[in-house]
Amino acid sequence: MSQIQDNINRLKSSIADTPCKLVAISKTKPSSDILEAYEAGQRLFGENKVQELTSKYEELPKDIEWHMVGHLQRNKVKYMAPFVNLIHSIDSLKLLKEVNKQAEKANRTINCLLQVHIAEESTKFGFDLAEIPDLIQSDELKSFDHIQVVGLMGMATFTEDETQIKREFTSLRKLFDQLKSQSLPDNVKMSELSMGMSGDYPLALECGSTMIRVGSSIFGERNYV
């Protein structure tokens, strides 16, 4: 068994007693590495650049569920609209509108997560926590019939302070639970809470994450070109 397959098995074992799914973040990694993970049974993979996502989609098995996890420019949506399974990084109403438009052209519905800015770092993208309830109930969002908002995504501050990380994850979990208890539009359901990466996913699991995005703990450090 390869190191990648061993890492996949270890991670899946760590979340076996939870409702959490593992998204293997394969950005910058070659298709050969992805195939090793695939052979270990992994089917959910995440990329942060549309060009890389589309080229890997063409090369690799078609039962892979591709997730877009990186900051997304509106002019790139059309390239992945025919196949992307879930977009984690919806950070504006304009982007959601474009996804709906391109999904309609592709004759499909695209699942989306609203990215919420929970970190103290200004470099992170996303809606403010307070914006989300009004956004979800807005007439414009309700008019989008080719998207399905299936939950929320957040990234904690990159810090060694576990108390801070848990506080940030907990704030998103609280909003998630609040929304789940409300009457939501037909194109919104709160089923996925995407929190946690290689450095903080154990804390995210404690805080109720249903989807962790793990790259370096599976594939090793990122390849910078």
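Summary of the structure given here.

Procedures and definitions
Residues numbered from 1 in each chain as written. Predicted model: local features only at pLDDT ≥ 70, side-chain atom pairs only at ≥ 80, totals over all residues. Heavy atoms only, no water. Helix = DSSP H or I, 4+ residues; strand = E, 2+ residues; numbered from the N terminus. Buried < 20%, exposed > 50% of the residue type's maximum accessible area, 1.4 Å probe, protein only. Arc of directions from axis to C-beta. Salt bridge = Lys/Arg side-chain N within 4 Å of Asp/Glu carboxyl O. Core = buried A, V, L, I, M, F, W, Y, C linked by side-chain atoms within 4.5 Å. Contact = heavy atoms within 4.5 Å. Polar contact = N/O pair within 3.5 Å; in protein donor to acceptor, adjacent residues only side chain to side chain.

What about unusual backbone geometry?
Right, on to step 1. Of note in the backbone geometry, T28 takes a positive phi value of approximately 70° without being a glycine.
Right, on to step 2. As for its placement among the helices and strands, T28 is situated in the loop between β1 (21–25) and α2 (31–39).
Right, on to step 3. Phi at N107 is positive, roughly 60°, even though this residue is not glycine.
Right, on to step 4. Locating N107 in the fold gives a position in the loop between α5 (93–105) and β5 (110–116).
Right, on to step 5. Taking relative accessible area as the criterion, N107 reaches 68% and is therefore assigned exposed.

Considering α2
Right, on to step 1. Among all positions of α2, only S31, D33, I34, A37 and Y38 are buried. Summarising the axial view, the buried residues of α2 lie within an arc of 155°, below the 170-degree limit, and thus occupy one face.
Right, on to step 2. Two residues or fewer after α2 comes G41, characterised by a positive phi angle close to 100°.

Re the pattern of salt bridges
Opposite charge on two side chains lets them pair, provided their charged atoms get close.
Right, on to step 1. Going through the model one piece at a time under the given rule, you end up with seven salt bridges.
Right, on to step 2. Here R43 and D63 are joined by a salt bridge, their closest N and O atoms 3.2 Å apart. In this pair, R43 is assigned in the loop between α2 and β2 (44–47) and D63 in the loop between α3 (50–59) and β3 (65–68), connecting sequence segments 20 residues apart.
Right, on to step 3. You can call D63 partly exposed: its relative accessible area is 41%.
Right, on to step 4. The partner of E120 in a salt bridge is R167, with the nearest N and O atoms 3.5 Å apart. Here R167 lies in helix α8 (residues 162–180) and E120 lies in the loop between β5 and α6 (132–136), a separation of 47 residues in the sequence.
Right, on to step 5. A relative accessible area of 59% places E120 in the exposed class.
Right, on to step 6. You can call R167 partly exposed: its relative accessible area is 46%.

Some points on the nonpolar core
Right, on to step 1. I132 and L152 are the most contacted members of the largest nonpolar core, which totals 62 residues.
Right, on to step 2. Of the residues forming this core, the biggest block, six residues, is contributed by α8.
Right, on to step 3. Non-local contacts of I132, meaning those with residues more than four positions away in its chain, are made with L114, V116, F127, L152, L175 and L179.

Topic: the side chain of H67
Right, on to step 1. With respect to the element layout, H67 can be found in strand β3.
Right, on to step 2. Only 2.8 Å separates the side chain of H67 from the side chain of H88, close enough to count as a polar contact.
Right, on to step 3. With residues near it in sequence (within four places) discarded, H67 still touches V23, L44, F45, G46, E47, L53, N85, L86, H88 and M211.

A few points about the side chain of Q42
Right, on to step 1. With respect to the helices and strands, the residue Q42 is situated in the loop between α2 and β2.
Right, on to step 2. A relative accessible area of 2% places Q42 in the buried class.
Right, on to step 3. A distance of 2.8 Å separates a polar side-chain atom of Q42 from the backbone oxygen of L22.
Right, on to step 4. In contact with Q42, not counting residues within four places along its chain, are I8, K12, L22, V23, A24 and A37.

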